[in-house]
Protein chains: 12
Amino acid sequence: MRLSIINGPNLNMLGQREPGIYGNKSLKEIEKGLLVLGEKYKIELDFFQSNIEGELVDAIQQSGNRCDGIILNAAAYTHTSVAVRDAIAAIRIPVIEVHLSNPHTREYFRHTSLIADVCRGSIAGFGDESYTLALLWFERQR
Amino acid sequence: MRLSIINGPNLNMLGQREPGIYGNKSLKEIEKGLLVLGEKYKIELDFFQSNIEGELVDAIQQSGNRCDGIILNAAAYTHTSVAVRDAIAAIRIPVIEVHLSNPHTREYFRHTSLIADVCRGSIAGFGDESYTLALLWFERQR
Amino acid sequence: MRLSIINGPNLNMLGQREPGIYGNKSLKEIEKGLLVLGEKYKIELDFFQSNIEGELVDAIQQSGNRCDGIILNAAAYTHTSVAVRDAIAAIRIPVIEVHLSNPHTREYFRHTSLIADVCRGSIAGFGDESYTLALLWFERQR
Amino acid sequence: MRLSIINGPNLNMLGQREPGIYGNKSLKEIEKGLLVLGEKYKIELDFFQSNIEGELVDAIQQSGNRCDGIILNAAAYTHTSVAVRDAIAAIRIPVIEVHLSNPHTREYFRHTSLIADVCRGSIAGFGDESYTLALLWFERQR
Amino acid sequence: MRLSIINGPNLNMLGQREPGIYGNKSLKEIEKGLLVLGEKYKIELDFFQSNIEGELVDAIQQSGNRCDGIILNAAAYTHTSVAVRDAIAAIRIPVIEVHLSNPHTREYFRHTSLIADVCRGSIAGFGDESYTLALLWFERQR
Amino acid sequence: MRLSIINGPNLNMLGQREPGIYGNKSLKEIEKGLLVLGEKYKIELDFFQSNIEGELVDAIQQSGNRCDGIILNAAAYTHTSVAVRDAIAAIRIPVIEVHLSNPHTREYFRHTSLIADVCRGSIAGFGDESYTLALLWFERQR
Amino acid sequence: MRLSIINGPNLNMLGQREPGIYGNKSLKEIEKGLLVLGEKYKIELDFFQSNIEGELVDAIQQSGNRCDGIILNAAAYTHTSVAVRDAIAAIRIPVIEVHLSNPHTREYFRHTSLIADVCRGSIAGFGDESYTLALLWFERQR
Amino acid sequence: MRLSIINGPNLNMLGQREPGIYGNKSLKEIEKGLLVLGEKYKIELDFFQSNIEGELVDAIQQSGNRCDGIILNAAAYTHTSVAVRDAIAAIRIPVIEVHLSNPHTREYFRHTSLIADVCRGSIAGFGDESYTLALLWFERQR
Amino acid sequence: MRLSIINGPNLNMLGQREPGIYGNKSLKEIEKGLLVLGEKYKIELDFFQSNIEGELVDAIQQSGNRCDGIILNAAAYTHTSVAVRDAIAAIRIPVIEVHLSNPHTREYFRHTSLIADVCRGSIAGFGDESYTLALLWFERQR
Amino acid sequence: MRLSIINGPNLNMLGQREPGIYGNKSLKEIEKGLLVLGEKYKIELDFFQSNIEGELVDAIQQSGNRCDGIILNAAAYTHTSVAVRDAIAAIRIPVIEVHLSNPHTREYFRHTSLIADVCRGSIAGFGDESYTLALLWFERQR
Amino acid sequence: MRLSIINGPNLNMLGQREPGIYGNKSLKEIEKGLLVLGEKYKIELDFFQSNIEGELVDAIQQSGNRCDGIILNAAAYTHTSVAVRDAIAAIRIPVIEVHLSNPHTREYFRHTSLIADVCRGSIAGFGDESYTLALLWFERQR
Amino acid sequence: MRLSIINGPNLNMLGQREPGIYGNKSLKEIEKGLLVLGEKYKIELDFFQSNIEGELVDAIQQSGNRCDGIILNAAAYTHTSVAVRDAIAAIRIPVIEVHLSNPHTREYFRHTSLIADVCRGSIAGFGDESYTLALLWFERQR
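Treat the numbers as computed from the prediction; the structure is a model and nothing was measured.

**Looking at the overall build of chain A**
So, point 1. A tally of regular secondary structure across chain A gives 6 helices and 5 strands.
So, point 2. Secondary structure elements in chain A, listed N-terminal to C-terminal, are β-α-α-β-α-β-α-α-β-β-α.
So, point 3. The C-alpha radius of gyration of chain A comes to 14 Å, within 12% of the 14 Å expected for a compact globule of 142 residues.
So, point 4. Oriented by its inertia axes, the alpha-carbon framework of chain A measures out at about 35 × 30 × 25 Å.
So, point 5. Expressed as a percentage of the 142 residues in chain A, the buried residues total 63%.
So, point 6. Long-range pairs, those at least 24 residues apart, make up 77% of the contacts in chain A between residues at least 6 apart in sequence.
So, point 7. Surface accessibility of chain A: about 5,100 Å² in total, with carbon and sulfur atoms responsible for 47%.
So, point 8. Computed over 15 positive and 17 negative side-chain charges, the inter-centroid distance for chain A is 5 Å.

Following this line, the structure appears as structure tokens:
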């Protein structure tokens, strides 16, 4: 099993950026934790981060051919990108939407998700454990 | 550790009701699966289901005194009950919002959650695995 | 043939409550009139009234197993209850929505029906004749 | 007793048009069935159909002078015609709004009725039985 | 000078229809009063009334070629007809919008005028004097 | 007969201010024209202009005791002043709302009138002839 | 004189629940304070609290037969319950709406009151003094 | 203790203005009643009324320096004045919002209060008793 | 192949009406140009224009029996007519929506199309070339 | 003549992606078909596709200097990109908006076009024939 | 060069009022700072502050005749006053809108500016430096 | 002191693009003018322009580490980019929002700024002087 873990804009700033909301771990540290888990369960993991909407679209399309599932934190693009949505709809593997914080506790423009209804499921509010739970779900499907 | 698993209106109909959306398992079967998991992880589980908004409010208040966390599928009341919301805000243990299906793929009046922002996190769209993932999260917090 | 006639909140006040809108007959008197009609057409009738949303959900679920149809005046819950709606969607017998007055001639928050689109049909504005017409429809389906 | 049965735009296409929604009977066949019922109850029936909003306004005005009641399926004009509404408000006989299908199960622009609150009552969702129930109501008022 | 006085749907019912709102004069009587005034000021008057939206469009177009101005009570179509609006925009003579009652004191759907901004001016709320004032304006322009 | 002609904010700038919209006549010139008409018809005229919302409220209240009617161009306060509205509702003489231009041809925030439904009638779009027509109406009521 | 003091959902948690908003007094303590006042003014007091919407409907209906007035803190149901509203409209004794905090300083979904316009008056923001002021009003009416 | 009782636009018309809504007492009579009460409780009272928004702003600012509290009936400005709101927020003494009638039973534009959330509490619907209750609250705080 | 080219309200005014928006060609000239093209491609063309909504409904229904496709410029009725929409949905031949100008560059009430989603395709903004492109599409389908 | 044919996000997935909506042809195949047509009419064609919003902005800007027109399928960015809109407004050659499917038959967030009113015309719903019709229009302008 | 610096309601409270938002400087101190700057650049400065909407209208009108520009902090009236807007539109000198804080970081009713589009430019969020920057702009235009 | 001057989409077209709105200066010329000013005040300036949302996010993040402030003209992304907003919120140096024209005088979708409330201040409508004023502000902070 091979999963693609795709992170959207400003998540490269994790650890530095508003730690009250997003926690103190950097993205690298989160990825390391997931790698440990991946090894335990024999799941290969690809990591990708970009601030550019279209590069995320590319990454989703390519993962659709190469992986068995995607764990996607689309960050800001969750709320504005029809293009990311269309990319998810265009592939056949399951995509899990994850968020570190719960968008509903924040500004009103984070209450709308354009991607929720083309994802298999969504997990929000557990910090980096959101990624872990998504990975566990894939593991349990085998 | 002791968790309260609270299910809202019409979830007593699981297995019979619109199986295309909610799956074939009855609530009893889902609870049995969770009990197995609970035993494995040494977590005691209390189950409660009611169709009555105020009884759910009561159950949430009482769990607040007796348990370490709540896994809550408020079903229809997710979208209409300020009372359930106030009950969650009134207690101090973490509450995880779960849904079998992803409300965002359904009618517009299921797109609003009055409880999301007083819950610790939310998990939706994984069928009965939504409960499992919530339980795993509690297990991982110890 | 057996029909369940379910009445929602405040309909136990009929006759006393705002007679300019709801007429002078008590709920008991309306039920008596329907019993006469039921006998004439060999239709058994079950009556239920409650002010409690969840008890109406229970009643709808149970009628789904025991009766051939439901005549439902959900009163105030017509406009606010996703739970009642889900209960109707969860059973397989036809449900007819009835109202004594025409909700569209009243306050704006009575113009929305959360249950209309899961009911077979709706009849509104004929006073207690609304129940009669619903019963006649069931009779004509045989 | 004399009733006017007035049908609005595209109802001349009944039987051909989207039978999944509107059924297989033509308007002629529905009218025949009502004539049989009319004879049984000694009710004279006038039939009128037009695709033109203003001709429906004319028909409603004239029925107001000549008949004891109107059974009106305003079809598309239900949702857009203030003129039809004003015509109903301008006459003194009771008007019953009928619909073959339940508008609330269809597109959002069919959820608004500009005429509901000037009609005595409304009956929707019973196919051609909607007309029958309206006729039975008039019969029961005598 | 020649003016066209065009009246929309249900205004043929004046005098009979809701006299509390529209007064006791029939349209014929209003037109007679205007004729007396027209003679006094040497203004020829053409009268037209129709319940049919498209016939009003026709009348407006034809008056555009034959008259020096239009006094238009579009009644219900004021609020719903883009076609009447386009007809007014398509001609070059001034059109005065008149109303017997003040639409702003009535239902919300009468608060919008689709034609106000293509008319030269509007006069509302003076009963049949609304027509008189419009005619006086034309007289004062000579 | 004695009429009060009350003008709201910025109308003291008439003639200088955006003449494309409001014409070239100053408020003084308009008032002179009305005085001529007033003399002809034996109508005494009081003039008042203020940029201050509350002074207009005062003026309306006082005219209510002293005059037989008010011609009111509330200008910007038409759209924002509940206080002016309440003043009109608090007196018993008829108030006619006038506007030089037609507010519906201008910015969206001029499309709402808070005072229209407490005025007897409204006249808009005729330049300073709007005042004249209002005065003629009072004259015709005697 | 006999008054019914009815408290809605989660008010049984007073003192424990979000004391920053609701204060430190328990509902029992508030009721004790009111009893002292009641004795002073010779007013009998009935107390009722429930988390269940329909039980509040029952209590309001029964108080309508037995008491001279109701002091109602409907809490969350203030904003969502058409049923509570209908119960108030169905009885003849005056109902005073009270709130501990001022709902307008809180979340947007607390800014709407479905019951305000069927209550005689409303008092909000004074903590438990809101109940006291309501009681004083009843006392002053004698 | 010294309180400032500030009344907004058109309240100088009390007794004359729409007595069905506002009662028969003049503002003078209400103030007299309050003076009696003030004497009884040793509370000095300052009275101010103005129709001018900015003068109310001035009065609120000055009371902030000179008094221990404000009883404010902002009338129409309740719904439109950000300036009055800012004045309340700029001072440190408690302000109680009062209304004679309950704004929620009236036109929709009276349902919004721009000042509610900067006031300590609000009392509405008790006629001139609304002022009395506010005064009693101040008395009870000592 | 036989096509029906149906034009809605005010299009009989083409060439005269607002040429800045609609161009200088009359409807007759546009039809002539299409006839030349029709001859070239052996396509028979029926032309119909009406200002009356219901006559367009009739024309669409009849074309459904007699032609292979419809090119429809519904003009103002595009934005207001559910009846025209229902007529299109009731027939089986493809209907192409055309507009001379692009409705999106004009008033906001032209931004909504009630017919777009029951038409096969839409072409807007090319002046009379919009009709030509629609005809070419039919030609290319053979 | 030289045209630029620019395709937005996810259109590189054509043929694979939701063929029920977008058809079975790949973008390459569509481009081949257009090249054949281009040769026939002596029109040079440049092709560009990108998933990245800003690269589309670049491509539009550059085509503005080098080509005689643009055929643009902005896909998802049609509904969200003010940047693409501004790029179109910044150049001087005509841009034709094309869509394979009719956006109005799909999700509500596809009903808004931010670019429609800066394009010369729009063609939607004809599958890959939408491009062909756009090309034919350019050909006919020579 | 002569500039008018006009300040709206509650700005006379600066220094005392919510210093967390508005800073510690009084209006007098800000004006002193500007006078120093004015002397340096040979710019005469007129200062005006009022809490009364109409006095601000007067001041803007008079500055239009006497000065070369206006620096306007309309405070609360920015969001509610069409009259202030009309006054700005009625004069010919440039008006710069300034704000101490950034209205977009505050309550939603401060997000709308009725005057922004008739001002030459706007500067917000720099505390009293907002005035300085506006003055520097005028200086740079010479 | 080192400032980063970041320009968003289509600003590379300045001088060519809609000069009526944006002026005749190219971006290069504006940057030259700022360099002169920078030298005068000993402020180092970094310039960056991109049409790609994510590259702007990158630039903002990097400037956060390397500079003392950002002058940002996000152009079209001002209104649509939550990602740009999040980047600003993620860094610690002050960001000034600038616009050449005043967005409030343009299309409605330019009236919303997603970034205003995370910027220190905003300056709009002064053409290239907007940048100058922002730079002067930074200079004055030293």
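**Some points on the interface of chain C and chain D**
So, point 1. Listed as interface residues are 22 residues of chain C and, on the opposing side, 22 residues of chain D.
So, point 2. Summing both partners gives a buried area of about 1,900 Å² for chain C against chain D, and 59% of it is carried by carbon and sulfur.
So, point 3. In terms of surface lost to chain D, no three residues of chain C exceed H104, F126 and R140 of chain C, which account for 28% of the buried area on that side.
So, point 4. Remark: the boundary between chain C and chain D carries 2 salt bridges.
So, point 5. In this structure, the salt-bridge partner of E129 of chain D is R140 of chain C, at a minimum N-O distance of 2.7 Å.
So, point 6. Linking chain C to chain D there are 6 residue pairs in polar contact (both at pLDDT 80 or more).
So, point 7. Elements with a minimum of two residues in the side of chain C that touches chain D: β5 (121-124) and α6 (129-141) of chain C.
So, point 8. Counting residues per element, the side of chain C that touches chain D draws most heavily on α6 of chain C, which supplies 7 residues.
So, point 9. Split into classes, the residues belonging to the side of chain C that touches chain D amount to 10 nonpolar, 8 polar and 4 charged.
So, point 10. Across 3 bridges, β5 of chain C lies against strand β5 (residues 121-124) of chain D in antiparallel orientation. Bridge pairing in β5 of chain D places A124 of chain C opposite S122 of chain D.

**Section: the packing of helix α3 (residues 53-66) of chain J against helix α5 (residues 82-90) of chain J**
When two helices pack together, their arrangement is given by the angle between the helix axes and by the axis-to-axis distance.
Residues and elements named next belong to chain J.
So, point 1. Relative to each other, α3 and α5 sit at 5 degrees, their axes nearing to 9 Å. With respect to α5, the axis of α3 lies roughly parallel. Contacts between α3 and α5 involve E53, V57 and I60 from the first element and A83, V84, A87 and I88 from the second.
So, point 2. Residue composition of the contact of α3 with α5, by class: 6 nonpolar, no polar and 1 charged.

**Examining the relation of the copies chain G and chain B**
So, point 1. It takes a turn of 120 degrees to lay chain G on chain B, together with a shift of 0.1 Å along the axis; the resulting RMSD is 0.0 Å. When the rotation and shift are considered jointly, the pair of chain copies conforms to a three-fold rotation axis.

**Section: the confidence of the model for chain A**
So, point 1. Of all residues in chain A, 100% attain a pLDDT of 70 or more, and the chain-wide mean is 92.
So, point 2. As scored by the predictor, the complex reaches a pTM of 0.87 and an ipTM of 0.91.

**Considerations on the relation of the copies chain C and chain D**
So, point 1. Here chain C sits on chain D after a turn of 180 degrees about the axis and a move of 0.0 Å along it, with an RMSD of 0.0 Å. Within this description, the copies of the chain are treated as partners about a two-fold rotation axis. For chain C, the smallest separation between a C-alpha atom and the rotation axis is recorded for I123 of chain C, amounting to 2.3 Å.
So, point 2. Most of the interface of chain C is mirrored in chain D: 100% of its interface residues are interface residues there too.

**As for the sheet that holds strand β4 (residues 95-99) of chain C**
So, point 1. In space, the 10 strands of this open sheet follow the order β2(C)-β1(C)-β3(C)-β4(C)-β5(C)-β5(D)-β4(D)-β3(D)-β1(D)-β2(D), with mixed pairing throughout. Looking along the sheet, the strands with just one partner apiece sit at the ends: β2 (44-49) of chain C together with β2 (44-49) of chain D. This sheet shows a mean twist of 20 degrees between the axes of neighbouring strands, independent of strand direction.
So, point 2. As paired elements, strand β1 (residues 2-7) of chain C and β2 of chain C share 6 bridges and run parallel to each other. What sits directly across from I5 of chain C, in β2 of chain C, is F47 of chain C.

**Quick look at the arrangement of the chains**
So, point 1. As for chain H relative to chain E, no contact occurs, and the smallest C-alpha gap between them is 11 Å.
So, point 2. At their nearest point, the C-alpha atoms of chain E and chain K are still 20 Å apart, with no contact between the two.

**A short note on the sheet that holds strand β4 (residues 95-99) of chain I**
So, point 1. Judged by pairing direction, the sheet is mixed, and its 10 strands sit side by side in the order β2(I)-β1(I)-β3(I)-β4(I)-β5(I)-β5(J)-β4(J)-β3(J)-β1(J)-β2(J) without closing on themselves. The strands lining the two open edges of the sheet, one partner per strand, are β2 (44-49) of chain I together with β2 (44-49) of chain J. Taken over all neighbouring pairs, the strand axes of this sheet differ in orientation by 20 degrees on average, direction set aside.
So, point 2. Where strand β1 (residues 2-7) of chain I lies against strand β3 (residues 69-73) of chain I, 5 bridges are found, and the strand directions are parallel. In the sheet register, I6 of chain I faces β3 of chain I, and the bridge partner there is L72 of chain I.
So, point 3. Sheet contacts for α3 of chain J: β1 (2-7), β2 and β3 (69-73) of chain J; angle to β1 of chain J, the most-contacted strand, approximately 175 degrees.

**Looking at the pairing of strand β3 (residues 69-73) of chain L**
Residue and element names in this part refer to chain L.
So, point 1. The buried count for β3 comes to 5 of 5 residues, which makes it a mostly enclosed element.
So, point 2. Here β3 pairs with strand β4 (residues 95-99) via 3 bridges, running parallel. Note that in β4 the partner of I71 across the bridge is I96.

**Thoughts on the packing of aromatic side chains**
So, point 1. Under the criterion given, the structure shown has 24 aromatic pairs over all chains.
So, point 2. When the ring of W137 of chain B is compared with that of F138 of chain B, the centres are 5.1 Å apart and the planes differ by 65 degrees; the resulting orientation is edge-to-face.
So, point 3. When its relative accessible area of 2% is taken as the criterion, F138 of chain B is described as buried.
So, point 4. Through a chain of ring-to-ring contacts, the aromatic side chains of F126 of chain A together with W137 and F138 of chain B assemble into a single cluster.

**Examining the interface of chain G and chain B**
So, point 1. The partner chain B presents 19 residues to the 16 residues of chain G that form the contact.
So, point 2. Buried area between chain G and chain B, summed over both chains or domains, comes out near 1,400 Å², and the portion from carbon and sulfur atoms is 52%.
So, point 3. At the junction of chain G and chain B, the tally comes to 0 salt bridges.
So, point 4. Remark: the boundary between chain G and chain B carries 4 residue pairs in polar contact (both at pLDDT 80 or more).
So, point 5. For the side of chain G that touches chain B, the per-class residue count stands at 6 nonpolar, 5 polar and 5 charged.

**Let's talk about helix α3 (residues 53-66) of chain C**
Residue pairs spaced three or four apart in an α-helix point in one direction, given the helix's 3.6 residues per turn.
So, point 1. Between the first and last C-alpha of α3 of chain C there are 20 Å, a value that for 14 residues agrees with the 20 Å anticipated at 1.5 Å per step.
So, point 2. Within the sequence span of α3 of chain C, burial applies to E53, G54, L56, V57, A59, I60, Q61 and S63 of chain C.

**Some details on the state of the cysteines**
All names here are of chain A.
So, point 1. Applying the stated criterion across every chain, the model contains 0 disulfides over all chains.
So, point 2. The thiol of C67 is unpaired, and the distance to the nearest cysteine sulfur, on C119, comes to 15 Å.
So, point 3. Residue C67 is classed as buried on the basis of its relative accessible area of 6%.

**Quick word on the pattern of salt bridges**
So, point 1. Scanning all chains against the criterion turns up 84 salt bridges over all chains.
So, point 2. One connected set of salt bridges, linked through shared partners, spans R2, E44, D46 and R66 of chain A.

Conventions adopted
- Residues numbered from 1 in each chain as written.
- Chains lettered and ligands numbered in written order.
- Predicted model: local features only at pLDDT ≥ 70, side-chain atom pairs only at ≥ 80, totals over all residues.
- Heavy atoms only, no water.
- Helix = DSSP H or I, 4+ residues; strand = E, 2+ residues; numbered from the N terminus.
- Rg over C-alpha atoms; globule rule 2.2 N^0.38 Å.
- Buried < 20%, exposed > 50% of the residue type's maximum accessible area, 1.4 Å probe, protein only.
- Contact = heavy atoms within 4.5 Å.
- Areas by Shrake-Rupley, 256 points an atom, 1.4 Å probe, with all protein chains shown as cover.
- Lys, Arg positive; Asp, Glu negative; His and termini not counted.
- Charge placed at Lys NZ, Arg CZ, Asp CG, Glu CD.
- Buried area = accessible area lost by both parts, 1.4 Å probe.
- Salt bridge = Lys/Arg side-chain N within 4 Å of Asp/Glu carboxyl O.
- Polar contact = N/O pair within 3.5 Å; in protein donor to acceptor, adjacent residues only side chain to side chain.
- Nonpolar A, V, L, I, M, F, W, Y, C, P; charged D, E, K, R; others polar.
- Pairing = 2+ DSSP bridges.
- Axes fitted to C-alpha atoms, helices over the stretch in contact; angles between N-to-C directions.
- Parallel < 35°, antiparallel > 145°, perpendicular 65-115°, else oblique.
- Least-squares fit on C-alpha atoms with pLDDT ≥ 70 in both.
- pLDDT = per-residue confidence, 0-100.
- Phe/Tyr/Trp six-rings, centres within 6.5 Å; stacked < 30°, edge-to-face > 60°.
- Expected span 1.5 Å × (residues − 1).
- Disulfide = S-S within 2.5 Å.

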